[in-house]
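Descriptive analysis of the structure
Next come the chains, spelled out residue by residue.
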Amino acid sequence: MRVLVVGGGGALGRRLLALCARHAPELDCTTASRGGEGGLRLDLHDTRALAGALADFDVLVNAVGPYDYDPAPVVRACVEARCHYIDLAELPDFLIEVARAAERAGADAAGTLIVPGCSTSPSLVACLAQRFRGLAGLARVDAWLSIGTNNPSSPALLYGLLRPLGCELPDGERAYGRLARRSARDGTALCYGRYPFPRENEALDLGTGALPLRFFAGFDRSFVAHLLCVASRAANQLSDASLRRWTRWGDRAAKLARPFGGRVGRLALEAFDSSG
């Protein structure tokens, strides 16, 4: 199987290629980027060039972030080329647009798999929540994700983190409008804020009907959560272009803060009945 990783020169793309080489050496992976470093020279938004390239591949992995553009042309090109599509997006609006584009392009009829949102948090939450299957009286699930601040960052990753801040969540609360504290099993106190779940339009199905899920995101250093809470008051007022400019400076600050954090991530899930 031939796999084309577009955006393979970025932080996520490089990590993905390394994981494929280690765990799936049978895959024939090719990297592509606008600069062509180490692979094909290809701009994801050049649909004519993309259509020509896809004829030689079975799967396209879209690692071009931040995912704030219209995915319809890419999805349509994949369906026409009978090339399966995967992305690593976490922005709910982008995932919704991918699903709409797949339906309009007739992906099901063409036998083309369109699989958006293959990122860490939705995958792990969906898997681990199955531990609650069969419990009586389930009313909701809360997921608490803490990220180590000593992990690599990039302007695109930072943009994806900041763009949803301040947006209205399905229950009316604002993303990172206020902070919540929660202690981990080892007693470490961590700060979190409500955050859009990548698949917030899809309720959990644990065999007892659709369950709402509240998603909380935080970091191993509380000052980062406090900064995000402050930023939530202004982030949703900024245009995409303005926020991109700010994230270039923010990425430099994040790199300076890395030595003060750890690399361990934590994910906890809690199930509640109607009485709480």
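What you see is a predicted model; the values in this text were computed from it and never measured.

Criteria and cut-off values
Residues numbered from 1 in each chain as written. Predicted model: local features only at pLDDT ≥ 70, side-chain atom pairs only at ≥ 80, totals over all residues. Heavy atoms only, no water. Pairing = 2+ DSSP bridges. Helix = DSSP H or I, 4+ residues; strand = E, 2+ residues; numbered from the N terminus. Contact = heavy atoms within 4.5 Å. Axes fitted to C-alpha atoms, helices over the stretch in contact; angles between N-to-C directions. Core = buried A, V, L, I, M, F, W, Y, C linked by side-chain atoms within 4.5 Å. Buried < 20%, exposed > 50% of the residue type's maximum accessible area, 1.4 Å probe, protein only. Parallel < 35°, antiparallel > 145°, perpendicular 65-115°, else oblique. Left-handed = near helix turned anticlockwise from the far one by under 90°. Nonpolar A, V, L, I, M, F, W, Y, C, P; charged D, E, K, R; others polar.

Spatially, six strands are ordered β3-β2-β1-β4-β5-β6 in an open sheet, and the strand pairing comes out parallel. At either margin of the open sheet sits one strand with a lone partner, and together these are β3 (40–41) and β6 (114–115). Where strand β2 (residues 28–33) lies against β3, two bridges are found, and the strand directions are parallel. Bridging from a neighbouring strand, alanine 32 pairs with leucine 40 of β3. This element, helix α3 (residues 72–80), spans β4 (59–62), β5 (84–87) and β6 of the sheet and lies at about 150° to β5. Contacts from helix α4 (residues 92–105) reach β4, β5 and β6, with the element oriented near 170° to β5.

Let us now look at the nonpolar core. Counting 38 residues, the largest nonpolar core has Leu4, Leu54, Leu60, Val75, Tyr85, Phe94 and Ile114 as its most contacted members. A per-element tally of this core places α3 first, with six residues. Excluding anything up to four places from it in sequence, leucine 54 contacts Leu4, Leu60, Ala77, Cys78, Ala81 and Cys83. Within the second largest apolar cluster, 29 residues are counted, among which are Phe132, Ala143, Tyr176 and Leu243.

Cis geometry is adopted by the peptide bond preceding proline 66, which originates at glycine 65 and carries an omega value of 0°. Relative to the assigned elements, proline 66 resides in the loop between β4 and α3. Not every positive phi belongs to a glycine, and arginine 82 is a case in point at roughly 55°. Considering the arrangement of structural elements, one finds arginine 82 in the loop between α3 and β5. Given the relative accessible area of 52%, arginine 82 is considered exposed. Despite not being glycine, tyrosine 176 shows a phi value in the positive range, around 60°. Topologically, tyrosine 176 is positioned in the loop between α7 (155–162) and β8 (179–183).

Here we take up the packing of helix α2 (residues 47–54) against α3. Where α2 contacts α3, the axes come no closer than 9 Å and their chain directions differ by 30°. Accordingly, the angle class assigned to the pair α2 and α3 is roughly parallel. Relative to α3, α2 is oriented so that their crossing is right-handed. On α3, the residues touching Thr47, Leu50 and Leu54 of α2 are Pro73, Val74, Ala77 and Cys78. Classifying every residue of the contact of α2 with α3 gives six nonpolar, one polar and no charged.

The analysis is restricted to geometry; functional conclusions fall outside its scope.
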